Amino acid sequence: MEFHPKYIGATCIYVAGKVEEQYISVETLVKSYDGVESDVIAHEMIVLEGVRFQLIMYHPFRSLTGFIDDLRAHSKSTRHTDVPISTLQTLHATATAVINDLLLTDAPLLYPPAVVALAGLQVATTVEMAIDWTKYLLACKRGQGQSMHEVVQAIQEVVQLRAAREADAAASEAELKSAYKKLKGFYKSTPKKAAADESKEPKAKKHKSSDGKKSKKSKKGVA
C-alpha cells in the first residue's frame, strides 16, 4: 500500500467538503483522529490526481470575446465594412446574459465552451445586425476537421436546452401563481365563512317567569 488509509480517508473527507460546499477546516478535521495538518495538506493533490478531478474550468466567456473580435474581422474582410462599436457592445451584453442562462442547463457539461459561446451569440444576434452566420461558421471551421453540419447541430441543441429551461421556468411560475390565487381566495373566504357560521348559531333564550315576564336577576345584598 503506497499511502496510509488514515491520511487518505481524512483527505477525502476534506476534499468532499470543498466540492459539496460544506467546508471543514483542516484544524477541525485533524482533531477527530489526533493527526497533524500536514498529513491532509500533503495528500490533497494525490487524492485529486487519483480521481482525475479537473481543477481548471473553461467557461464560454473567453470564447465569446474571441468570437466577437473575429466577427468584426470577418465583417471587414467579407463586406469591407466595420461593425459599429455600439452593435458589438449590445451583442456582447446580450450574449453574456444568454450564456448565463445556459450555465444553468446541462450545456456546459455536454458541449465545448466555444459551442456554448456560439449559441449565445446566435440567440443574441438580431436581423438589424446583418450577420451571416453560415458564412461566418464556414470561415471559422475551415480546416478544423469538424463538419459544418456537426457545429450547426450542436448549436441548435444548446439553444433547445435554453428553450426547454425557459419553458420549465414559465410552467413553474404559472403553477406558483395558481397556488397563490387559491391560497389568497382561501384566506379571503375564511373570515366570511366564520361570520356566516356565527350568524347561524341560535341565540340563547332568556329565562321567563311563570307569569310571562322576564325574571330579574337577584341583586346582591338582598336577603
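Shown above is the structure to which this text applies.
Residues numbered from 1 in each chain as written. Predicted model: local features only at pLDDT ≥ 70, side-chain atom pairs only at ≥ 80, totals over all residues. Heavy atoms only, no water.

*Asks:* Before we move on, could you go through the overall build of the protein chain and cite the residues and values that matter?
*Replies:* For the protein chain, the helix and strand inventory stands at 9 helices and 0 strands. Starting at the N terminus and walking to the C terminus, you meet the elements of the protein chain as α-α-α-α-α-α-α-α-α. Here the protein chain holds 223 residues, and the buried ones make up 24% of them. A separation of at least 24 residues holds for 63% of the contacts in the protein chain among residues at least 6 apart in sequence. Carbon together with sulfur atoms contributes 57% to the accessible area of the protein chain, which is approximately 16,700 Å² in total. (Helix = DSSP H or I, 4+ residues; strand = E, 2+ residues; numbered from the N terminus. Buried < 20%, exposed > 50% of the residue type's maximum accessible area, 1.4 Å probe, protein only. Contact = heavy atoms within 4.5 Å. Areas by Shrake-Rupley, 256 points an atom, 1.4 Å probe, with all protein chains shown as cover.)

*Asks:* I'd like to hear about the pattern of salt bridges, residue by residue, with values.
*Replies:* For side chains of opposite charge, pairing can occur when their charged atoms come near one another. All told, the structure shown has 3 salt bridges when counted by the stated rule. We note a salt bridge from Asp-82 to Arg-72, for which the minimum N-O separation is 3.0 Å. Of this pair, Asp-82 sits in the loop between α4 (60-78) and α5 (85-102) while Arg-72 sits in helix α4, and the two are 10 residues apart along the sequence. Where Asp-101 meets Arg-162, a salt bridge forms, and the shortest distance between an N and an O atom there is 3.9 Å. Of this pair, Asp-101 sits in helix α5 while Arg-162 sits in helix α9 (residues 148-200); the two residues are 61 residues apart in sequence, bridging distant segments of the chain. Asp-101 sits in the partly exposed class, given a relative accessible area of 26%. Since its relative accessible area comes to 18%, Arg-162 is described here as buried. (Salt bridge = Lys/Arg side-chain N within 4 Å of Asp/Glu carboxyl O.)

*Asks:* Please give an account of the packing of α4 against α5 that cites residues and values.
*Replies:* With their axes 11 Å apart at the nearest point, α4 and α5 run at an angle of 155° to one another. Overall, the two elements α4 and α5 adopt an arrangement that is roughly antiparallel. In terms of crossing hand, the pair formed by α4 and α5 is right-handed. For the pair formed by α4 and α5, the contact residues are Pro-60, Phe-61, Leu-64, Thr-65, Ile-68, Leu-71 and Arg-72 on the first element and Ile-85, Leu-88, Leu-91, His-92, Ala-95, Thr-96, Ile-99 and Asn-100 on the second. In terms of residue class, the contact of α4 with α5 is made up of 10 nonpolar, 4 polar and 1 charged. (Axes fitted to C-alpha atoms, helices over the stretch in contact; angles between N-to-C directions. Parallel < 35°, antiparallel > 145°, perpendicular 65-115°, else oblique. Left-handed = near helix turned anticlockwise from the far one by under 90°. Nonpolar A, V, L, I, M, F, W, Y, C, P; charged D, E, K, R; others polar.)

*Asks:* Explain the environment of Gly-17 to me, and be specific about the residues and the numbers.
*Replies:* Here Gly-17 is to be found in helix α1 (residues 5-19). Looking at Gly-17, the relative accessible area reads 6%, which means it is buried.

*Asks:* Please give an account of unusual backbone geometry that cites residues and values.
*Replies:* Notably, Asp-34 is not glycine yet its phi reads approximately 55°, a positive angle. Residue position: Asp-34 is located in the loop between α2 (26-31) and α3 (37-50). Exposure remark for Asp-34: the relative accessible area of 74% places this residue in the exposed category. Of note, the phi angle at Arg-52 is positive, near 55°, even though the residue is not glycine. With respect to the helices and strands, the residue Arg-52 is situated in the loop between α3 and α4.

*Asks:* Would you mind going over the packing of α4 against helix α7 (residues 113-124) in detail, with residue names and values included?
*Replies:* Relative orientation of the contacting elements α4 and α7 amounts to 60°, with a least axis distance of 8 Å. On the basis of their axis angle, the class for α4 and α7 is oblique. Viewed along their axes, α4 and α7 form a crossing whose handedness is right-handed. Judged by residue contacts, Pro-60, Ser-63, Leu-64, Phe-67, Ile-68 and Leu-71 of α4 engage Pro-113, Ala-114, Val-116, Ala-117, Leu-118 and Leu-121 from α7.

*Asks:* Give a detailed account of α4, specifying residues and quantitative values.
*Replies:* Since the α-helix advances by 3.6 residues per turn, residues separated by three or four positions end up pointing in the same direction. Between its first and last C-alpha, α4 extends 26 Å over 19 residues, near the 27 Å set by a 1.5 Å rise per residue. Along α4, the positions that sit buried rather than exposed are Pro-60, Leu-64, Phe-67, Ile-68, Leu-71, His-74 and Ser-75. For α4, the buried positions fall inside an angular range of 125° around the axis, keeping them on one side. Of the exposed residues in α4, the ones pointing more than 90 degrees away from its buried face are Arg-62 and Asp-69. Looking at the buried side of α4, the elements it contacts are α5, α7 and α8 (133-140). Within two residues after α4, His-80 carries a phi angle of roughly 60°, on the positive side. (Expected span 1.5 Å × (residues − 1). Arc of directions from axis to C-beta.)

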